[in-house]
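These are the residues of each chain, in order.
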Amino acid sequence: LVAEGYQKDFPDQRPFILMRAGYSGSQRFGMIPWSGDVNRTWGGLKPQPEIALQMGMQGMGYMHSDLGGFAGPNLDDELYTRWLQYGVFQPIFRPHAQEEVAAEPVLREQKTKELAKAAIQLRYRLLPYNYTLAFDNNQQGLPLMRPLFYAEPQNEKLFAVSDAYLWGNEFLVHPVMAAGEKETNVYFPANNSWFDFYSEQQYQGGSTQTVPVMPDHIPVFVRAGAFIPMIKVIQTTKNYSTKELDLHYYHDAAVRLSSGKLYDDNGETPNAFEKGAYALIHFASKVDKNILSISMSAKNGAHYQLIDRHVSMFIHNIQAKPEQVMRQNKVIAFTWDQKTKILSVPVLWNKNSTEKLIVKLAS
């Protein structure tokens with residue numbers, strides 16, 4: 001009824017239908033379900049990833065939980081912080097709770113406010129990646145949160161694992177769901193290595209490793225060969241734009257070929273893709289001996305407003321200063337950070353061109 005009413009009364013507006021009850025087939029209507037009035041306890045947090053993973057595979061890709069928990073007058077800043085840090089990598093970021101304890105970060109003590117702010121800012125920065133996950137859900141039904149066996153379909157040991165999951169195809173997320181954790185065991189899916197999103201440490205795929213648990217973030221890892229499009233921090237999604245992008249590529253010499261994408265539209269038009277009001281940006285990489293090539297191209301719908309883009313390219317895991325970087329066959333300036341091993345290259349991407357970078361790595 002709500003979906004049909006939207007189509008009738010607001011034909012030019014995308015519906016946001018927040019519902020916690022439905023029936024088989026409800027996913028057709030773009031419902032945004034959540035897990036109800038969960039306890040504000042560690043026991044309330046622990047089942048949330050499994051609930052979201054189960055529902056995502058049933059077609060309800062936006063299943064989420066009230067960040068921080070809902071029910072009970074329990075003021076636990078560590079629990080609240082860990083729930084928000086997990087929330088960065090769940091489909092909907094939405095703190096909500098009974099009034100006995102404030103749900104808003106601004107009403108917490110200073111350290112908790114700082115940690116909450118960092119989580120919220122990261123959520124905004126990840127908008128290009130997350131919006132592309134929403135596009136894949138819309139077109140293919142792929143859940144945003146995916147069980148580990150999506151990476152290893154033949155590994156039956158992963159069929160019941162829910163304490164870690166994939167956020168899209170490129171992130172491995174391990175929520176902190178117990179108080180006072182200092183370290184935890186993480187299984188890294190096989191077929192490629194993984195990089196710590198914060199420390200840059202590399203882990204071998206197919207292995208279980210003990211990793212430290214830090215107070216300012218939960219364990220998050222990026223697949224080798226991944227393209228992660230991000231933006232600078234904004235204050236509201238009304239300011240969201242892909243005119244300026246931070247494009248992170250996680251280089252690994254073992255990954256000879258890789259690709260990624262970014263979906264963009266105006267954020268308002270219903271069925272924008274079907275109406276041709278979109279851009280689908282493709283990223284690709286190739287490693288040949290000591291030459292790393294990265295290209296960016298765009299497929300623009302007939303009704304998409306073309307734009308030039310300022311792209312800050314960040315190439316991770318470059319162990320030595322490159323000998324040379326070329327853009328469109330011309331030598332350009334670059335920055336290489338010896339400590340982080342990140343190569344930075346600014347690119348002004350003309351709306352009518354295909355961009356190509358060639359990095360000559362140190363021999």
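### Topic: the packing of helix H5 (residues 110-125) against helix H6 (residues 127-140)
- The N-to-C vectors of H5 and H6 enclose an angle of 60°; their axes lie 5 Å apart at closest approach. Between H5 and H6, the angle falls in the class oblique. Counted together, Arg-123, Tyr-124 and Arg-125 of H5 and Leu-127, Pro-128 and Asn-130 of H6 form the full contact between these two elements.
- Looking at the contact of H5 with H6, its residues break down into three nonpolar, one polar and two charged.

### Here's the deal with the packing of aromatic side chains
- Following the criterion strictly, the structure yields 21 aromatic pairs and no others.
- The interplanar angle of 85° and the centroid separation of 5.4 Å between the aromatic rings of Phe-171 and Phe-197 together place this pair among those described as edge-to-face. Of this pair, Phe-171 sits in strand E5 (residues 171-173) while Phe-197 sits in the loop between strand E7 (194-196) and strand E8 (202-203), and the two are 26 residues apart along the sequence.
- When the centroid spacing of 5.6 Å and the interplanar angle of 85° are considered together, the rings of Tyr-203 and Phe-221 count as edge-to-face. Highlighted residues: Tyr-203 in strand E8 and Phe-221 in strand E10 (residues 220-223), separated in sequence by 18 residues. The burial state of Tyr-203 is the same as that of Phe-221; both residues are buried.
- In this arrangement the basic side chain of Arg-94 is found over the ring face of Trp-34, its NZ or CZ atom lying 5.3 Å from the centre.

### Structural notes on the environment of Pro-49
- Relative to the elements of secondary structure, Pro-49 occurs in helix H3 (residues 48-57).
- Overall, the relative accessible area of 1% leaves Pro-49 in the buried class.
- Between the C-alpha atoms of Pro-49 and Met-145, which are 96 residues apart in sequence, the distance is 8.5 Å.
- For Pro-49, the contacting residues outside a window of four places in its chain are Tyr-86, Met-145, Ser-162, Pro-175 and Met-177.

### Some thoughts on the sheet that holds strand E19 (residues 335-337)
- Strand order in the open sheet formed by five strands is E11-E12-E16-E20-E19, and the pairing between neighbours is mixed. Edge positions in the open sheet fall to strand E11 (227-230) and E19, since each of these has one partner strand only. Neighbouring strand axes in the sheet, compared pairwise and without regard to direction, differ in orientation by 20° on average.

Conventions used here
- Residues numbered from 1 in each chain as written.
- Predicted model: local features only at pLDDT ≥ 70, side-chain atom pairs only at ≥ 80, totals over all residues.
- Heavy atoms only, no water.
- Axes fitted to C-alpha atoms, helices over the stretch in contact; angles between N-to-C directions.
- Helix = DSSP H or I, 4+ residues; strand = E, 2+ residues; numbered from the N terminus.
- Parallel < 35°, antiparallel > 145°, perpendicular 65-115°, else oblique.
- Contact = heavy atoms within 4.5 Å.
- Nonpolar A, V, L, I, M, F, W, Y, C, P; charged D, E, K, R; others polar.
- Phe/Tyr/Trp six-rings, centres within 6.5 Å; stacked < 30°, edge-to-face > 60°.
- Buried < 20%, exposed > 50% of the residue type's maximum accessible area, 1.4 Å probe, protein only.
- Lys NZ or Arg CZ within 6 Å of the ring centre and 35° of its normal.
- Pairing = 2+ DSSP bridges.

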